[in-house]
Amino acid sequence: MWRRVVSLYPLLSPSKSSVLHRAKGGIASKEKTPFITFVLGGPGSGKGTQCAKIVETFGFTHLSAGDLLRKEISSNSENGAMILDTIKEGKIVPSEVTVKLIQKEIESSDNYKFLIDGFPRCEKNRIAFEQIIGKEPNIVLFFDCPEYEMVKRVLSRNEGRVDDNVDTIKKRLKVFSALNLPVIKHYTEKGKVCKINAVGTVDEVFEQVRQIFTELMV
Ligand code: UP5
Ligand code: MG
């Protein structure tokens, strides 16, 4: 059966106010450097849904790494076939490919506040981002969701995604647990993670998110 892995993971938890206090300095320096928010959580934890609400309420630009990769597939780019095979297997696309797509979006945007959704998914992704972009995230949101709930949400999404099937979701969950949780642990130790309980209605979850961003923007 689906195990509950995420919440049992021994995360350090610095207080939310100390995380926000540190991040605030970054958002104050408007337009000089980008303010980077990594939005992490397992497949179906609600990252994309909550990002849409943050964009609407707080004026961030939403960069979903998965959406950027799917766009590469549909535009028949040179990496399209490789990306499609990787996504079907629930594996992680080579870091440089994803970071370059994110970099292009950041550099061509007029905004300075970014939500980077579903990235970095592994330590190699994290290191590549920090080397190529030359910056760490200001803050990391982690949507903490039990596996049974993530599976239920993904399997009822019905938007025709090639990876929304029982076989691939099992692989995606394994990759999340093995490779993405260490990234969350890394940033937790650096005092950058705000953990959000992703169970509840979309609006209930957003209440927690709203509090974080309201405090950040003050
Ligand atoms: N829903 C949302 N919130 C809900 C709530 N509170 N209550 C009830 N239902 C809720 O939500 C999923 C579904 O649940 C939706 O139907 C929604 O209405 C409902 P969503 O907001 O889409 O969740 P999200 O966390 O965004 O789920 P997603 O499936 O997009 O997460 P993944 O991280 O798996 O997908 P992503 O697109 O980021 O990546 C896909 C693949 O691309 C990866 O597996 C990988 O192969 C590849 N990839 C890389 O290789 N590198 C990258 O950097 C990024 C992706
Ligand atoms: Mg998503």
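The rules behind the values
- Residues numbered from 1 in each chain as written.
- Chains lettered and ligands numbered in written order.
- Predicted model: local features only at pLDDT ≥ 70, side-chain atom pairs only at ≥ 80, totals over all residues.
- Heavy atoms only, no water.
- Core = buried A, V, L, I, M, F, W, Y, C linked by side-chain atoms within 4.5 Å.
- Buried < 20%, exposed > 50% of the residue type's maximum accessible area, 1.4 Å probe, protein only.
- Helix = DSSP H or I, 4+ residues; strand = E, 2+ residues; numbered from the N terminus.
- Contact = heavy atoms within 4.5 Å.
- Near = heavy atom within 4 Å.
- Polar contact = N/O pair within 3.5 Å; in protein donor to acceptor, adjacent residues only side chain to side chain.
- Areas by Shrake-Rupley, 256 points an atom, 1.4 Å probe, with all protein chains shown as cover.
- 1 Å grid on protein atoms, 1.4 Å probe; cavity = no way out; pocket = protein on both sides within 12 Å on 5 of 7 lines; lining within 4 Å.
- Sits in = over half its atoms within 2 Å of the grid points.
- Nonpolar A, V, L, I, M, F, W, Y, C, P; charged D, E, K, R; others polar.
- pLDDT = per-residue confidence, 0-100.
- Pairing = 2+ DSSP bridges.
- Phe/Tyr/Trp six-rings, centres within 6.5 Å; stacked < 30°, edge-to-face > 60°.
- Lys NZ or Arg CZ within 6 Å of the ring centre and 35° of its normal.
- Points joined across faces, edges and corners; volume = space filled by probe spheres on them.
- Axes fitted to C-alpha atoms, helices over the stretch in contact; angles between N-to-C directions.

Structural notes on the nonpolar core
Line of reasoning, step 1. Ranked by size, the top nonpolar core spans 30 residues in total, and within it Ile54, Ile139 and Phe213 carry the most contacts.
Line of reasoning, step 2. Looking at this core, the elements that each hand over two or more residues are helix H1 (16-28), strand S1 (35-41), helix H2 (47-58), strand S4 (139-144), helix H7 (147-155), helix H8 (166-189), strand S5 (193-197) and helix H9 (202-217).
Line of reasoning, step 3. Looking at this core element by element, the count peaks at six residues for H9.
Line of reasoning, step 4. Discounting residues that sit within four places of it in the chain, isoleucine 54 has contacts with Gly59, Phe60, Leu115, Leu141, Phe206, Val209 and Phe213.
Line of reasoning, step 5. Within the second largest apolar cluster, 29 residues are counted, among which are Phe114, Ile116, Phe176 and Val183.

Some points on the site of ligand 1
Line of reasoning, step 1. Thr49, Lys91, Val93, Arg157 and Arg172 are the nearest of the 28 residues found near ligand 1.
Line of reasoning, step 2. In this structure, arginine 161 approaches ligand 1 through a side-chain N or O atom, which is 3.0 Å from an oxygen atom.
Line of reasoning, step 3. Coverage of ligand 1 by the protein chains reaches 86% of its 1,000 Å² of free accessible surface.
Line of reasoning, step 4. Here ligand 1 is seated within the largest pocket.
Line of reasoning, step 5. Considering every element that reaches the shell around ligand 1, the biggest residue donor is helix H3 (residues 65-74), with four residues.
Line of reasoning, step 6. Each residue belonging to the shell around ligand 1 can be placed in one class, and the counts come to eight nonpolar, 11 polar and nine charged.

Considering unusual backbone geometry
Line of reasoning, step 1. For the peptide bond that leads from phenylalanine 119 to proline 120, omega is 0°, which places it in the cis range.
Line of reasoning, step 2. Within the secondary structure, proline 120 is located in the loop between strand S3 (113-117) and helix H6 (123-133).
Line of reasoning, step 3. Of note in the backbone geometry, asparagine 76 takes a positive phi value of approximately 55° without being a glycine.
Line of reasoning, step 4. Residue classification places asparagine 76 among the exposed positions, given a relative accessible area of 69%.
Line of reasoning, step 5. The phi angle at asparagine 158 is positive, at roughly 60°, despite the residue not being glycine.

Things to note about the confidence of the model for the protein chain
Line of reasoning, step 1. A residue-level look at the protein chain finds 92% of positions with pLDDT of 70 or above and a mean pLDDT of 92.
Line of reasoning, step 2. Taken as a whole, residues 1-12 scores under 50 in pLDDT and shows 29 contacts with residues more than four places along the chain or in a different chain.

Digging into the pairing of S1
Line of reasoning, step 1. S1 sits mainly inside the fold: seven of its seven residues count as buried.
Line of reasoning, step 2. Judged by which residues are buried, S1 turns out to be covered on both faces: Phe35, Thr37, Val39 and Gly41 on one side and Ile36, Phe38 and Leu40 on the other are all buried.
Line of reasoning, step 3. Here S1 pairs with S4 via five bridges, running parallel. The residue bridging phenylalanine 38 from the neighbouring strand is valine 140, located in S4.

What to know about the packing of aromatic side chains
Line of reasoning, step 1. One pass over the structure, following the stated rule, counts seven aromatic pairs.
Line of reasoning, step 2. Centre to centre, the rings of phenylalanine 38 and phenylalanine 129 are 5.0 Å apart; their planes meet at 75°, and the pair counts as edge-to-face. In this pair, phenylalanine 38 is assigned in strand S1 and phenylalanine 129 in helix H6, connecting sequence segments 91 residues apart.
Line of reasoning, step 3. Of the residues examined, phenylalanine 38 reaches a relative accessible area of 0% and is grouped as buried.
Line of reasoning, step 4. On the basis of relative accessibility, which here comes to 0%, the residue phenylalanine 129 falls in the buried class.
Line of reasoning, step 5. Here lysine 53 stacks its cationic end above the ring of phenylalanine 206, 5.4 Å away from the centre of that ring.

What to know about the layout of surface pockets
Leftover empty space is mapped by rolling, across the atoms, a probe with the size of a water molecule.
Line of reasoning, step 1. Reported here for the largest pocket is a volume of approximately 940 Å³.
Line of reasoning, step 2. What lines the largest pocket is a set of 43 residues, and nearest its centre among them are Gly44, Lys47, Arg157, Arg161 and Arg172.
Line of reasoning, step 3. If you list the elements that add at least two residues to the lining of the largest pocket, you get H2, strand S2 (61-64), H3, H7, H8 and H9.
Line of reasoning, step 4. For the lining of the largest pocket, the element with the most residues is H3, which contributes five residues.
Line of reasoning, step 5. The class makeup of the residues in the lining of the largest pocket is 13 nonpolar, 18 polar and 12 charged.

Focus on the sheet that holds S4
Line of reasoning, step 1. Taken together, the five strands give an open sheet; going across it, the order is S2-S3-S1-S4-S5, and neighbouring strands pair in parallel fashion. For this open sheet the edge positions go to S2 and S5, each flanked by a neighbour on one side alone. Strand after strand, the sheet turns through a mean of 20° between neighbouring axes, direction not considered.
Line of reasoning, step 2. Sheet strands in contact with H1 are S1, S3, S4 and S5, and its direction is about 120° off that of S5.
Line of reasoning, step 3. H8 rests against S1, S4 and S5 of the sheet, and its axis sits at about 140° to S1.

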